[in-house]
Amino acid sequence: MRPLFSETSVAAVRLIVAVTFSVATIFIDSRFDALTMVRQAIKTALWPVEQIAYFPGRVSSEIAIWVQSHDLISERLETIALENERLRTEQLKLQTLRAENAELRRLLGVKERVNERLLQAQIERLSNDPFVHRVTINRGLLAGVTEGRPVISADGLVGQVVVSYPHAADVLLMTDATHHLPVQVTRTRERAIAVGVGRMDRIELRNLPDTVDIVPGDLLETSGLGDRFQPGIPVAEVKEVIRAPGQPFARVIAAPLTPMARLSLVMVDLAEGDS
Amino acid sequence: MIFLATWLVTLLLIALPYPAWMMLVLPHFGFLFVTWWGLMRNYQLSMTLLLISSLPIDVLYGTSLGLHGLLFALIAYALTLLGPSVRQVNWVRQSLAVFVVLLIASAVSYWARTLTGQSPEFLILVLQAVVSALVWSPLRWLYDSLADSVQGLGTQRQ
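Residues numbered from 1 in each chain as written. Chains lettered and ligands numbered in written order. Predicted model: local features only at pLDDT ≥ 70, side-chain atom pairs only at ≥ 80, totals over all residues. Heavy atoms only, no water.

Draft legend 1. How the structure looks around the overall build of chain B. For chain B, the count of helices and strands is six helices and zero strands. Tracing chain B from N to C terminus, the helices and strands come up as α-α-α-α-α-α. The C-alpha atoms of chain B give 15 Å as radius of gyration, which agrees with the globular expectation for 158 residues (15 Å, within 12%). Seen through its C-alpha atoms, chain B measures out along the principal axes to roughly 50 × 30 × 30 Å. Scored against the burial criterion, the 158 residues of chain B give a buried share of 56%. Total accessible area on chain B is roughly 7000 Å²; 70% of this is exposed by carbon and sulfur atoms. With 6 positive and 4 negative side-chain charges, chain B shows a separation of 10 Å between the mean positions of the two kinds. (Helix = DSSP H or I, 4+ residues; strand = E, 2+ residues; numbered from the N terminus. Rg over C-alpha atoms; globule rule 2.2 N^0.38 Å. Buried < 20%, exposed > 50% of the residue type's maximum accessible area, 1.4 Å probe, protein only. Areas by Shrake-Rupley, 256 points an atom, 1.4 Å probe, with all protein chains shown as cover. Lys, Arg positive; Asp, Glu negative; His and termini not counted. Charge placed at Lys NZ, Arg CZ, Asp CG, Glu CD.)

Draft legend 2. Structural context of a nonpolar patch on the surface. Residues and elements named next belong to chain B. On the surface, Trp21, Leu24, Val25 and Leu127 cluster together into a nonpolar patch covering about 410 Å² of accessible area. With respect to the secondary-structure elements, Leu127 resides in helix H6 (residues 122-157). Given the relative accessible area of 35%, Leu127 is considered partly exposed. (Patch = residues over 30% accessible without salt bridge, like charges linked within 9 Å, V, L, I, M, F, W, Y side chains within 5 Å. Salt bridge = Lys/Arg side-chain N within 4 Å of Asp/Glu carboxyl O.)

Draft legend 3. Spatial organisation of the confidence of the model for chain B. Of the residues in chain B, 99% have a pLDDT of 70 or more, and the chain-wide mean is 87. Here the prediction assigns the complex a pTM of 0.77, and the interface score ipTM is 0.86. (pLDDT = per-residue confidence, 0-100.)

Draft legend 4. Representation of the sheet that holds strand S11 (residues 249-256) of chain A. Residue and element names in this part refer to chain A. In space, the six strands of this closed barrel follow the order S6-S7-S8-S11-S10-S9, with antiparallel pairing throughout. With direction set aside, neighbouring strand axes in the sheet form an average angle of 40°. Pairing between strand S8 (residues 203-209) and S11: five bridges, direction antiparallel. Counterpart to Leu205 in the pairing with S11 is Val252. (Pairing = 2+ DSSP bridges. Axes fitted to C-alpha atoms, helices over the stretch in contact; angles between N-to-C directions.)

Draft legend 5. Seen up close, the nonpolar core. Residues Leu205, Ile214, Val235 and Val268 of chain A are the most contacted members of the largest nonpolar core, which totals 104 residues. Sorting elements by how many residues they give to this core places helix H4 (residues 67-88) of chain B first, with 10 residues. The contacts of Val268 of chain A, once residues within four sequence positions are left out, are Arg117, Leu118, Leu119, Ala121, Ile137, Val145, Arg149, Pro150, Val151 and Val161 of chain A. Counting five residues, the second largest nonpolar core, distinct from the first, contains Val163, Tyr165, Ala168 and Leu172 of chain A. (Core = buried A, V, L, I, M, F, W, Y, C linked by side-chain atoms within 4.5 Å. Contact = heavy atoms within 4.5 Å.)

Draft legend 6. How the structure looks around the pairing of strand S12 (residues 265-269) of chain A. All names here are of chain A. Counted residue by residue, S12 has four buried out of five residues, so it is predominantly covered. Examined bridge by bridge, strand S1 (residues 118-126) and S12 share five bridges and lie antiparallel to one another. Within S12, the residue paired with Leu119 across the bridge is Val268. By the bridge criterion, two bridges tie strand S3 (residues 150-152) to S12 in an arrangement that is antiparallel. Looking at S12, one finds that Val151 is bridged to Val268.

Draft legend 7. Representation of the packing of helix H2 (residues 29-40) of chain B against H4 of chain B within the structure. Residue and element names in this part refer to chain B. In contact at an axis separation of 7 Å, H2 and H4 are set at 40° when each is read in the N-to-C sense. Here H2 is positioned oblique relative to H4, judged by the angle of their axes. Crossing of H2 over H4 shows right-handed handedness. Residue-level contacts link Gly30, Phe31, Val34, Thr35, Gly38, Leu39 and Met40 of H2 to His68, Leu71, Phe72, Ile75, Ala76, Leu79, Thr80, Gly83, Val86 and Arg87 of H4. Tallied by class, residues from the contact of H2 with H4 come to 10 nonpolar, six polar and one charged. (Parallel < 35°, antiparallel > 145°, perpendicular 65-115°, else oblique. Left-handed = near helix turned anticlockwise from the far one by under 90°. Nonpolar A, V, L, I, M, F, W, Y, C, P; charged D, E, K, R; others polar.)

Draft legend 8. Main features of the packing of aromatic side chains. Residues and elements named next belong to chain B. Applying the stated criterion across every chain, the model contains seven aromatic pairs over all chains. Geometrically, the ring pair formed by Trp36 and Trp37 is edge-to-face, given 5.3 Å between the ring centres and 90° between the ring planes. By relative accessible area, Trp36 is classed as buried at 0%. Measuring from centroid to centroid gives 5.7 Å for Tyr110 and Phe122, while their planes differ by 80°, and the two rings are edge-to-face. You can see Tyr110 sitting in helix H5 (residues 91-115) and its partner Phe122 sitting in helix H6, a full 12 residues away along the chain. You can call Tyr110 partly exposed: its relative accessible area is 32%. Clustering of aromatic rings is evident, with ring pairs tying together Phe3, Phe33, Trp36, Trp37 and Tyr143. (Phe/Tyr/Trp six-rings, centres within 6.5 Å; stacked < 30°, edge-to-face > 60°.)

Draft legend 9. Spotlight on helix H1 (residues 2-15) of chain B. For H1 of chain B, built from 14 residues, the straight-helix expectation of 20 Å at 1.5 Å per residue is met to within 8% by its first-to-last C-alpha distance of 20 Å. Restricting attention to buried positions, one finds in H1 of chain B the residues Ile2, Phe3, Ala5, Thr6, Trp7, Thr10, Leu11, Leu13, Ile14 and Ala15 of chain B. (Expected span 1.5 Å × (residues − 1).)

Draft legend 10. Structural view of H4 of chain B. Here H4 of chain B is 22 residues long and its end C-alpha atoms lie 31 Å apart, about the 32 Å a rise of 1.5 Å per residue gives. Approximately 65° is the largest bend angle found in H4 of chain B, and it occurs at Leu82 of chain B, with the proline Pro84 of chain B only one to four residues beyond. (Bend = angle between axes of the 7 residues up to and from the residue.)

Draft legend 11. Inspection of the interface of chain B and chain A at higher detail. Each side of the interface is counted separately: chain B has 44 residues, and chain A has 41 residues. Both sides of the chain B and chain A interface together cover about 3700 Å² of buried area, and 72% of this is carbon and sulfur. By the criterion of area lost to chain A, the three top residues of chain B are Val59, Leu65 and Tyr77 of chain B, representing 17% of everything that side buries. Linking chain B to chain A there are one salt bridge. (Buried area = accessible area lost by both parts, 1.4 Å probe.)

Draft legend 12. Focus on the environment of Leu4 of chain B. Residues and elements named next belong to chain B. One can find Leu4 in helix H1. Judged by relative accessible area, Leu4 falls into the partly exposed class, the value being 43%. As for Leu4 and Ser53, which are separated by 49 residues in sequence, their C-alpha atoms are 9.3 Å apart.

Encoded structure:
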């Protein structure tokens, strides 16, 4: 006679319990963001493992610098490169601010926004999952990097901090399929929501009226809606406008200005939000 | 101890910073870790331990917590059932069996990711399963050697 509780049925029961637990965890984490503390605790505990993993890369880059035998020069070059990145970012934002300022001058009585504080950070690793566009930067809570901070590069917007740990932070790139960003067209001030599609070289604007005035070559910038990103940060360049016959909505495909796959230095905007 | 050693090696393999172009051709080290335990040491494998060990892997990959727990449980269960017959065959057939199991796990992963708002491409998941199956034999050798070393150390202490 077959036993009521065979080994296979015990394993099946364990599987059912494990699957139920996992599905519940996925649901809670993805819908309610209630497990951020757990994520932070695990990531903090993983810090030594990550440091060991980064060690070969750091050693090789150190050796490369040492082989050049120009320690001081290389150090100085690094500082200049960082400074240059910062200045290029500031220049980009300044151009947009000038345009905005001219418009505001016409309207009169609108307070100008000048407050900003940028923190340089280095990208330590990219998520190995091809569908998750997240990077880990080497600045965290101890440097003042908190959840929701915008992250930019010399070319434009990169993404935003989603989880911050003591020594590091996870940045969700704007190309991630779960990222939504309020943008506007620099030329026409037409507003839209840019969504990531899971490709490093593409974001999309969806559900726009068929008559929308957007053409390939237009630049997209943050609109400032949602109070997360300052207005005017360059985001992407429009590559294609798809108007399907008989469809009420147009779809716009744009390429991020920041080369996400080749990114190594970024800046975290630590400015307190005011407008 | 063997579980801890193999798990730490897996975490290291996942945490290594790989260039962006390698993302599509990287094996899933987490799946291969569970494959080894499901095939070679399933009599020592605890589902609770597996679920707990999957959480740091979720954090390293940046996926929703619980996703790898779900997939690990399915892979471990499937391989526990298949274990005795798959262990006996040569490495090519073993890799094929691993591929089939990982393909099923990929299908579940696709479903779970879609529900959490990601837009995965199934072909990329299939490619990951293919690469993982190809890497299975060398990684099995690595885990076997590691387990032997840890076991040897334990015996020496006694």
